[in-house]
Protein chains: 2
Amino acid sequence: MTATQGAGRRSGPGRPPEPGHDEKIIQATLRLIDQGKPVTVNAVVTGSGVSRAAVYRRWSSLTDLVSDALDHGRAIPEVDVSGDLRQAVLEMLFERQEEARGVTYPQRRFRKRLELVMSDQELQWAYWTSHVSRRRRGMIEALRAGVDRGEFRADLDVEAALDALLGVIYYQLVVRGASLSDRETELRCRHALDTIWRGMQA
Amino acid sequence: MTATQGAGRRSGPGRPPEPGHDEKIIQATLRLIDQGKPVTVNAVVTGSGVSRAAVYRRWSSLTDLVSDALDHGRAIPEVDVSGDLRQAVLEMLFERQEEARGVTYPQRRFRKRLELVMSDQELQWAYWTSHVSRRRRGMIEALRAGVDRGEFRADLDVEAALDALLGVIYYQLVVRGASLSDRETELRCRHALDTIWRGMQA
């Protein structure tokens, strides 16, 4: 089983009442991350009480383990493309952020994730491949549906358009250090997304 | 003198042949940052050979000192709004990135800056206030010129539009871990910026 498949399996909302080995390993990894300590196999083994072999059986590298741990608790929400597309996409970016981020995925963990991926390009690529690109799929399908319906330009680069939509949100969090729950920030985002949406239209 | 004014004064291309106290302090701070060591007043004093008093005279907090150090070597390029606006803005985002980033401002330092601001919200706000928001001014003026000329919608939120344009670039570097010198990345950015530009037009 690859790390990606495993993460997919575990990223649903349910968590078993008796956590298994993988869950113990992930929780031990998250404790190290939250305490700002380096994630080593020794520290994970000590913290989880799980054997070295169990860690290696499941994750081929520490990078993959940290990547999966950083995504723990996040869901992959489906985008409803049957109705108003604009409404569905805006909901994903605002109202359903909580759901996409996961109820157990606090702002602090988001900042920590960005801190870690900026300090480690391998981790950044692992997180992109195993988690971000999977989470984008529903949105990409929604944008493709818009092209198919003739709502968007036929030549729209949907990957680029999604980068623009999500880029607005990331810019607030990473560059401005602003919170989306701040009214002024939300308004600015809505204006920016409105501008991008106009540019996507046929 | 405030940290902001001082940073403005030093952010030009010229550097005195005999560096003064401020320059020694900034260089000692950058050495600590590049080595991944904590920036403390003691370490800066030891590394620069400059007195404690000189550090405090110039920077009221370590946060302001680190913020200025992280911006060292970056220029604030002017945007030429007399000709084709689209061309001028695209040049700023692509060809003139080197200039805006500063020749002495490598990719490594960019990643380190993001790592540090994500781990320290005070630093993030200080960097935004003293450096990013100043660097945006030329672009904001260029977009306002576009509104005045009737090239863009009269109701365009230029701050939001600039967030969208820059957000595309940040998304590549922060989320995808992609390089702008990569051909596929550059094309995707150009498509995204084209979409935003269409949405800005009157």
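Predicted, not measured: the structure shown is a model, and the values here were computed from it.

The two copies are related by a screw motion: chain B maps onto chain A through a turn of 180 degrees and a shift of 0.0 Å along the axis, at an RMSD of 0.0 Å. Accordingly, the operation relating the two chain copies is best matched by a two-fold axis. Mapped onto chain A, 100% of the interface residues of chain B again fall at the interface, so both copies present the same surface.

Here the focus is the packing of aromatic side chains. Inspection of every chain in the model, using the stated rule, returns 6 aromatic pairs over all chains. For the pair Phe152(A) and Trp197(A), a centre-to-centre distance of 5.1 Å together with 80 degrees between the ring planes defines the contact as edge-to-face. With Phe152(A) in the loop between α9 (121-148) and α10 (158-176) and Trp197(A) in helix α11 (residues 183-200), this pair connects stretches of sequence that are 45 residues apart. Judged by relative accessible area, Phe152(A) falls into the buried class, the value being 1%. Classification of Trp197(A) by relative accessible area gives buried; the value is 4%. Their ring planes at 75 degrees and their centres at 5.6 Å tell us that Tyr170(A) and Tyr171(B) sit as a pair that is edge-to-face. Taken as a pair, Tyr170(A) in helix α10 and Tyr171(B) in helix α10 (residues 158-176) lie in two separate chains rather than in one. Each residue in the set Phe110(A), Tyr170(A) and Tyr171(B) is aromatic and connected to the rest through ring pairs, giving one cluster. Between the NZ or CZ atom of Arg190(A) and the centre of the ring of Phe94(A), over which it lies, the distance is 4.2 Å. Note that Arg58(B) overlies the ring of Trp59(B), its terminal NZ or CZ placed 4.1 Å from the centroid.

A few words on the environment of Arg111(B). Here Arg111(B) shows up in helix α8 (residues 107-119). Judged by relative accessible area, which is 9%, Arg111(B) ranks as buried. Excluding residues within four positions of it along the chain, Arg111(B) makes contact with Val117(A), Met118(A), Ser119(A), Asp120(A), Gln121(A), Gln124(A) and Leu173(B).

The next point concerns the interface of chain B and chain A. Between chain B and chain A, the residue contacts involve 41 residues of the former and 41 residues of the latter. When chain B packs against chain A, the two sides together hide about 3700 Å² of surface, and 58% of this comes from carbon and sulfur. A per-residue breakdown of the area chain B buries against chain A is headed by Arg111(B), Met118(B) and Tyr171(B), which together make up 20% of the total. Salt-bridge contacts for Arg188(A) lead to Asp163(B); the nearest nitrogen and oxygen are separated by 3.2 Å. If one sorts the elements of the side of chain B that touches chain A by residue count, α10(B) sits on top with 14 residues.

Residue and element names in this part refer to chain B. Orientation of helix α5 (residues 62-71) relative to helix α9 (residues 121-148), taken along the N-to-C sense of each, is 45 degrees, at an axis distance of 9 Å. In terms of axis orientation, α5 runs oblique to α9. Judged by the sense of rotation from one axis to the other, the crossing of α5 with α9 is right-handed. Across the interface between the two elements, Thr63, Asp64, Val66, Ser67, Asp68, Leu70 and Asp71 of α5 pack against Glu122, Leu123, Ala126, Tyr127, Ser130, His131 and Arg135 of α9.

With that out of the way, let us pick up the pattern of salt bridges. This model, assessed by the stated rule, comprises 38 salt bridges over all chains. Note that Arg188(A) and Glu184(A) form a salt bridge whose closest N and O atoms lie 4.0 Å from each other. Of this pair, Arg188(A) and Glu184(A) are both found in helix α11, 4 residues apart, which corresponds to roughly one turn of the helix. Between Asp68(B) and Arg58(B) there is a salt bridge, with its nearest N and O atoms 3.6 Å apart. Taken together, the residues span a long stretch of sequence, with Asp68(B) in helix α5 and Arg58(B) in helix α4 (residues 52-58) at a distance of 10 residues. Residue Asp68(B) shares its accessibility class with Arg58(B), and that shared class is buried. Among the ionic contacts, a cluster of salt bridges with common partners joins Arg136(A), Glu159(A), Asp163(A), Arg176(B), Glu184(B) and Arg188(B).

Residues and elements named next belong to chain A. The predicted model of chain A averages 87 in pLDDT, with 86% of residues at 70 or higher. Ranking the elements of chain A by mean pLDDT puts helix α1 (residues 3-10) last, at 40, and α10 first, at 97. The low-confidence segment residues 1-18, where pLDDT is below 50, has 30 contacts with residues more than four positions distant or belonging to other chains.

Here we take up the environment of Ile196(B). Mapped onto the elements, Ile196(B) comes out in helix α11 (residues 183-200). Along the primary structure Ile196(B) and Leu162(B) are separated by 34 residues, whereas in three dimensions their C-alpha atoms are 9.6 Å apart. Those residues in contact with Ile196(B) that sit more than four places away from it in its chain are Ala164(A), Thr195(A), Ile196(A), Ala164(B), Leu165(B) and Val168(B).

Below, the discussion takes up the packing of α9(A) against α10(B). With their axes 9 Å apart at the nearest point, α9(A) and α10(B) run at an angle of 115 degrees to one another. Facing α9(A), whose interface residues are Gln124(A), Trp125(A), Trp128(A), Val132(A) and Arg136(A), α10(B) presents Tyr171(B), Leu173(B), Val174(B), Val175(B) and Arg176(B). Residue composition of the contact of α9(A) with α10(B), by class: 7 nonpolar, 1 polar and 2 charged.

How each quantity is defined
- Residues numbered from 1 in each chain as written.
- Chains lettered and ligands numbered in written order.
- Predicted model: local features only at pLDDT ≥ 70, side-chain atom pairs only at ≥ 80, totals over all residues.
- Heavy atoms only, no water.
- Least-squares fit on C-alpha atoms with pLDDT ≥ 70 in both.
- Contact = heavy atoms within 4.5 Å.
- Phe/Tyr/Trp six-rings, centres within 6.5 Å; stacked < 30°, edge-to-face > 60°.
- Helix = DSSP H or I, 4+ residues; strand = E, 2+ residues; numbered from the N terminus.
- Buried < 20%, exposed > 50% of the residue type's maximum accessible area, 1.4 Å probe, protein only.
- Lys NZ or Arg CZ within 6 Å of the ring centre and 35° of its normal.
- Buried area = accessible area lost by both parts, 1.4 Å probe.
- Salt bridge = Lys/Arg side-chain N within 4 Å of Asp/Glu carboxyl O.
- Axes fitted to C-alpha atoms, helices over the stretch in contact; angles between N-to-C directions.
- Parallel < 35°, antiparallel > 145°, perpendicular 65-115°, else oblique.
- Left-handed = near helix turned anticlockwise from the far one by under 90°.
- pLDDT = per-residue confidence, 0-100.
- Nonpolar A, V, L, I, M, F, W, Y, C, P; charged D, E, K, R; others polar.

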